[in-house]
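Chain and residue survey
Here's the letter readout for the chains.
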Amino acid sequence: MASEVAEQVDLESGERWLGAWSAEPARADGSSGRVGWLILTSRRVAFFQKRGLLGAGRLERPPLFSWRLELVRSLQPRRYEMKIGYGDRLAIPGISVDDQGFRLSREASSARVLEELLQARRARRSELNLPLD
């Protein structure tokens, strides 16, 4: 599925595809947003919502969120609540990119996703001769 997503993302000249994870924006009230893909390239991290019923379609353009890797200030693991039924809540692992949270699918390890984002950020900042912190 990630390879189908890769074909839909326009890369800049010299930009490389690094990964994609099924995700959804985390809302403070625990409600559900539209499912999409958190995309990582050698220059940016972006979240694209999926079109269509239950998010079965192609990616919507432009991305709902997008950050240049060299400008990202914080990347953190987070746990988010998701409403289930009338009042129950379930804790879901996720990440935060500059205080915007994303709940990840069950298949994605938030620690692994976070490590890949941090490595890509370090590489981009190094490429631009910027401080790594």
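Below: a short report on this structure. (Residues numbered from 1 in each chain as written. Predicted model: local features only at pLDDT ≥ 70, side-chain atom pairs only at ≥ 80, totals over all residues. Heavy atoms only, no water.)

1. Quick look at the overall build of the protein chain
Looking only at helices and strands, one finds two helices and seven strands in the protein chain. Projected onto the principal axes, the alpha-carbon positions of the protein chain cover approximately 50 × 30 × 20 Å. Within the protein chain, the fraction of its 133 residues that count as buried is 44%. Residue pairs in contact within the protein chain that sit at least 24 positions apart in sequence constitute 44% of those at least 6 positions apart. Roughly 7,800 Å² of accessible area belongs to the protein chain as shown, and the carbon and sulfur atoms make up 50% of that amount. Computed over 22 positive and 18 negative side-chain charges, the inter-centroid distance for the protein chain is 1 Å. (Helix = DSSP H or I, 4+ residues; strand = E, 2+ residues; numbered from the N terminus. Buried < 20%, exposed > 50% of the residue type's maximum accessible area, 1.4 Å probe, protein only. Contact = heavy atoms within 4.5 Å. Areas by Shrake-Rupley, 256 points an atom, 1.4 Å probe, with all protein chains shown as cover. Lys, Arg positive; Asp, Glu negative; His and termini not counted. Charge placed at Lys NZ, Arg CZ, Asp CG, Glu CD.)

2. Notes on the sheet that holds strand β5 (residues 75-84)
Strands belonging to one sheet form pairs held by backbone hydrogen bonds; the direction of such a pair is parallel or antiparallel. Read from one edge to the other, the open sheet built from seven strands follows the order β4-β3-β2-β1-β7-β6-β5, with strand pairing classed as antiparallel. Strands at the two margins of the open sheet, each flanked by one partner only, are β4 (65-68) and β5. Mean inter-strand twist for the sheet, computed between neighbouring axes without regard to direction, equals 40°. Looking at chain direction, strand β1 (residues 17-25) and strand β7 (residues 100-104) are connected through three bridges and run antiparallel. Across the sheet, P25 pairs through a bridge with F102, a residue of β7. (Pairing = 2+ DSSP bridges. Axes fitted to C-alpha atoms, helices over the stretch in contact; angles between N-to-C directions.)

3. Focus on the pattern of salt bridges
Throughout the structure, instances matching the rule amount to 10 salt bridges. With its nearest N and O atoms 3.3 Å apart, the salt bridge here joins R43 to E12. Residue R43 is found in the loop between β2 (36-41) and β3 (44-49), and its partner E12 is found in the loop between α1 (2-6) and β1; the two are separated by 31 residues along the sequence. Accessibility expressed as a relative area gives 33% for E12, which makes it partly exposed. Each of E12, R43, R68, E70, R124 and E127 takes part in one network of salt bridges that share partners. (Salt bridge = Lys/Arg side-chain N within 4 Å of Asp/Glu carboxyl O.)

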